[in-house]
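# Examining the three-dimensional arrangement
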Amino acid sequence: MSDNTRRVRVRFAPSPTGALHIGGVRTALYNYLFARQHGGDFILRIEDTDSQRFVPGAEAYIIESLKWCGIETDEGVEQGGPHAPYRQSERKDIYLKYAKQLVDNGWAYYAFDSAEELDNMRKEAESEGKTFAYDQSVRTKLKTSLALPQDEVNERIARGDQWVIRFKMPENEDVQMDDIIRGHISINTSTLDDKVLYKSADQLPTYHLANIVDDHLMEISHVIRGEEWLPSLPLHYLLYRAFGWEETRPAFAHLPLLLKPQGQGKLSKRDGDKFGFPVFPLLWNAPDGSSAMGYREEGYLPQAFINMLALLGWNPGTEQEIFSMDELIKAFNLEKVSKAGARFNPDKAKWFNAQYLRTTPDAELAKMTAPIYAERGIDVTEERAAQAISLIKERATFPRDLVDLTEKLFIRPTAYDEKSVNKFWKSDNVSKLMQLRDILAADELTDPARSEAKAHDWVVGNGYSMGQIMNTLRLAIWGVSQGPSIFHILVFIGKDETLARIDAAAATLGQGA
Ligand code: GLU
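Note that the structure is a prediction, hence the values are computed from the model and not measured. (Residues numbered from 1 in each chain as written. Predicted model: local features only at pLDDT ≥ 70, side-chain atom pairs only at ≥ 80, totals over all residues. Heavy atoms only, no water.)

### Regarding unusual backbone geometry
Worth spelling out the cut-off: Secondary structure counts use DSSP, requiring at least four H or I residues in a row for a helix and at least two E residues in a row for a strand, with both numbered from the N terminus.
Of note, the bond from Ala 84 into Pro 85 is cis; its omega dihedral lies within 30 degrees of zero at 0°. Its location among the elements puts Pro 85 in the loop between β3 (75-76) and α3 (92-104). Here the phi dihedral of Leu 445 falls at roughly 55°; this positive angle occurs in a residue that is not glycine. Considering the arrangement of structural elements, one finds Leu 445 in the loop between α17 (427-442) and α18 (448-461).

Structural data, given as structure tokens:
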């Protein structure tokens, strides 16, 4: 039950089964925003009780991803906290007591069926066109503590037979539930089976038991998680009742799925591979040797990535699209999260990145791009890179674009764009360019506006065409008759280099046709 006086405590509870999907990052983000907004706590709990699906490296990946995104945890596997440990495999000893408590209260029972017996029952049902369900119709007929005499149950346990504890789903009851996003939900228990809560084989709880026990012990006030857990909600409600914890049951919010860019269905790694966008925050090197691209390595800024994710499934109800983390914390509203799935748009992700790149200080961009310049053999100080970047950053989406677009400020062109040459490298233009060369040689070339005004006066005074001459100049300097403001380029590369480039073009291209 959520009451307003309760301290807000939320958790992100991933299972370390592989790379963290961006849908999972969004779940973490919404939890984080909600916690911060309410001055509450955000907890990272690792749910690693399914040893079959455990993937080494996944936990470290999750932690690094959250850090990259700027999602800070208050308690969790790394920093510990009042409810440590936060890794379920290290809490192993806690759960059996709770499973047994449910058996003692009549809310659960022992079942001794072997995997083979269960398999046979499944196959038999299938051959009759039915699906086998372990539920009220079979629980008193199979090898369970509800069917066997108590002595035999005790004996089986004492001699070390394998058993599981199953939840005894009540018969024909409408479970009444509330979801912050979806409203009131009612489900009849006759459609639900008796889920396994604990297994003697590995002495581990299943997700359902561990999740409820830990949410209770960790005093979680709100459970904010993906829509795929909605079918488990009736069982979870009933578990709270069975334990007598209804008073402190958390409030629930099930987030909509992230959908493919086109069509229906959940956004998958396959979609990313097919259309060339990442579905994971960081590069993921799987233990099997395969790898998958990440937003970080593709050149996304974490703030842009977070901003984009925040708006997938929630909208502020205004036109505002750019939100810093602090603005998100203020504006986020769990009740305004949509029920319908949110379609992922890779172009919009790029758009966000371009917006953030633009507002990042030049000096920071220079730092960010230093390794890319170095990789390309361009020896440039950060100060100089920052100046270069300031000329073109409006046109970049990724940091590598900043280098692409400024490369020629540092490296004299050796090839000239054929189309531009055919269009502008005409003898008439070239002879005027050589006159302009003299003007530039006599200029200081330290102030783009002043030099441009001077050139302009000279062009107009002679009755020449500014367009023709400037494009010819640009071709000589830049190798193509397009690019950033030409006088900014000239001032940046300096007078000597300006004249040298004009001469180099003339030497390579001749005097024009
Ligand atoms: N371990 C579950 C997962 O991997 C947690 C679901 C929940 O938040 O209850 O998503």
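### With respect to empty space enclosed by the protein
For the record, the criterion: Grid points spaced at 1 Å and placed over the protein atoms alone form the basis of the search, with a cavity being a set where a 1.4 Å probe fits but cannot get out and a pocket an open set showing protein on both sides within 12 Å along at least five of seven lines. Lining residues have an atom within 4 Å of a point. Grid points are joined across faces, edges and corners, and a volume is the space filled by probe spheres set on the points. In the scheme used here, Gly and all other residues not listed as nonpolar or charged are polar, with Ala, Val, Leu, Ile, Met, Phe, Trp, Tyr, Cys and Pro taken as nonpolar and Asp, Glu, Lys and Arg as charged.
If you walk through the whole model with that rule in mind, you get 1 cavity of 30 Å³ or more. Considering only enclosed or pocket space, the largest cavity measures out at about 40 Å³ in volume. Lining the largest cavity are Lys 269, Gly 272, Asp 273, Phe 277, Pro 278, Val 279, Phe 280, Ala 292 and Met 293. Looking at the lining of the largest cavity element by element, the count peaks at 3 residues for helix α8 (residues 269-275). Here the residues of the lining of the largest cavity are counted per class, giving 6 nonpolar, 1 polar and 2 charged.

### Looking at helix α13 (residues 362-375)
Note the threshold: Residue count minus one, scaled by 1.5 Å, sets the expected span of a helix. We define the bend at each residue as the angle formed by axes fitted to the 7 residues ending at it and the 7 residues starting at it. A 1.4 Å probe rolled over the protein chains alone gives each residue an accessible area, and that area as a share of the maximum for its type sets the label: buried under 20%, exposed over 50%, partly exposed in between. Should any heavy atoms of two residues lie within 4.5 Å, those residues are considered in contact.
Between the first and last C-alpha of α13 there are 20 Å, a value that for 14 residues agrees with the 20 Å anticipated at 1.5 Å per step. Helix geometry: α13 is bent most strongly at Thr 369, by close to 45°, with proline Pro 371 lying one to four residues after it. Of all the positions in α13, only Leu 365, Ala 366, Thr 369, Ile 372 and Tyr 373 are classed as buried. Of the surrounding elements, those touching the buried residues of α13 are α12 (346-359), α14 (382-392) and α15 (399-410). Once α13 ends, the next one or two residues include Gly 377, with phi positive near 75°.

### Section: the site of the ligand
Note the following rule: Only heavy atoms are used to decide nearness, and a residue is near a molecule or strand if one of them lies within 4 Å of it. Definition of a polar contact: a pair of N or O atoms within 3.5 Å, with one able to donate and the other able to accept a hydrogen when the atoms are protein atoms, and with sequence-neighbouring residues admitted only if both atoms are side-chain atoms. To be counted as sitting in a cavity or pocket, a molecule needs more than half of its atoms within 2 Å of that site's grid points.
As a matter of local geometry, the ligand sits amid Arg 11, Ala 13, Pro 14, Ser 15, Glu 47, Tyr 207, Asn 211, Arg 225 and Trp 229. Backbone polar atom of Ala 13 to a nitrogen atom of the ligand: 2.8 Å apart, as the coordinates give it. Between a nitrogen atom of the ligand and a side-chain N or O atom of Ser 15, the distance comes to 3.0 Å. A majority-of-atoms criterion places the ligand in the largest pocket. When its residues are assigned to classes, the shell around the ligand shows 4 nonpolar, 2 polar and 3 charged.

### Section: the packing of aromatic side chains
Just so we agree on the cut-off: Paired rings are identified among Phe, Tyr and Trp, the last through its six-membered ring, by centres lying within 6.5 Å, and are further divided according to the angle between planes into stacked (under 30 degrees), edge-to-face (over 60) and tilted (the rest). Whether a charge lies above a ring is judged from NZ of Lys or CZ of Arg, which has to be within 6 Å of the ring centre and within 35 degrees of the ring normal.
According to the stated counting rule, one finds 24 aromatic pairs in the structure shown. Connected via pairs of aromatic rings, a cluster forms that spans Trp 68, Tyr 295, Tyr 300, Phe 305 and Phe 398. Just above the ring of Trp 351 sits the side chain of Lys 348; from NZ or CZ to the centre is 4.4 Å. One Lys or Arg, Lys 432, reaches over the ring of Tyr 464 and ends 4.6 Å from the middle of that ring.

### Concerning the layout of surface pockets
Of the volumes computed, that of the largest pocket is approximately 1200 Å³. Taken together, 47 residues make up the lining of the largest pocket; nearest its centre are Ser 15, Thr 17, Arg 53, Glu 228 and Trp 229. Secondary structure elements with two or more residues in the lining of the largest pocket: β1 (9-12), α1 (22-37), α6 (207-217), β10 (222-226) and β14 (291-292). A per-element tally of the lining of the largest pocket places α1 first, with 4 residues. Considered class by class, the residues forming the lining of the largest pocket number 20 nonpolar, 15 polar and 12 charged.

### Structural notes on helix α2 (residues 58-69)
With 12 residues, α2 should cover 16 Å at 1.5 Å per step; its first-to-last C-alpha distance of 17 Å lies within 8% of that length. Counted residue by residue, α2 has 9 buried out of 12 residues, so it is predominantly covered. Among all positions in α2, only Ala 58, Glu 59, Tyr 61, Ile 62, Ile 63, Ser 65, Leu 66, Trp 68 and Cys 69 are buried. Phi turns positive one or two residues past the end of α2, at Gly 70, with a value near 80°.

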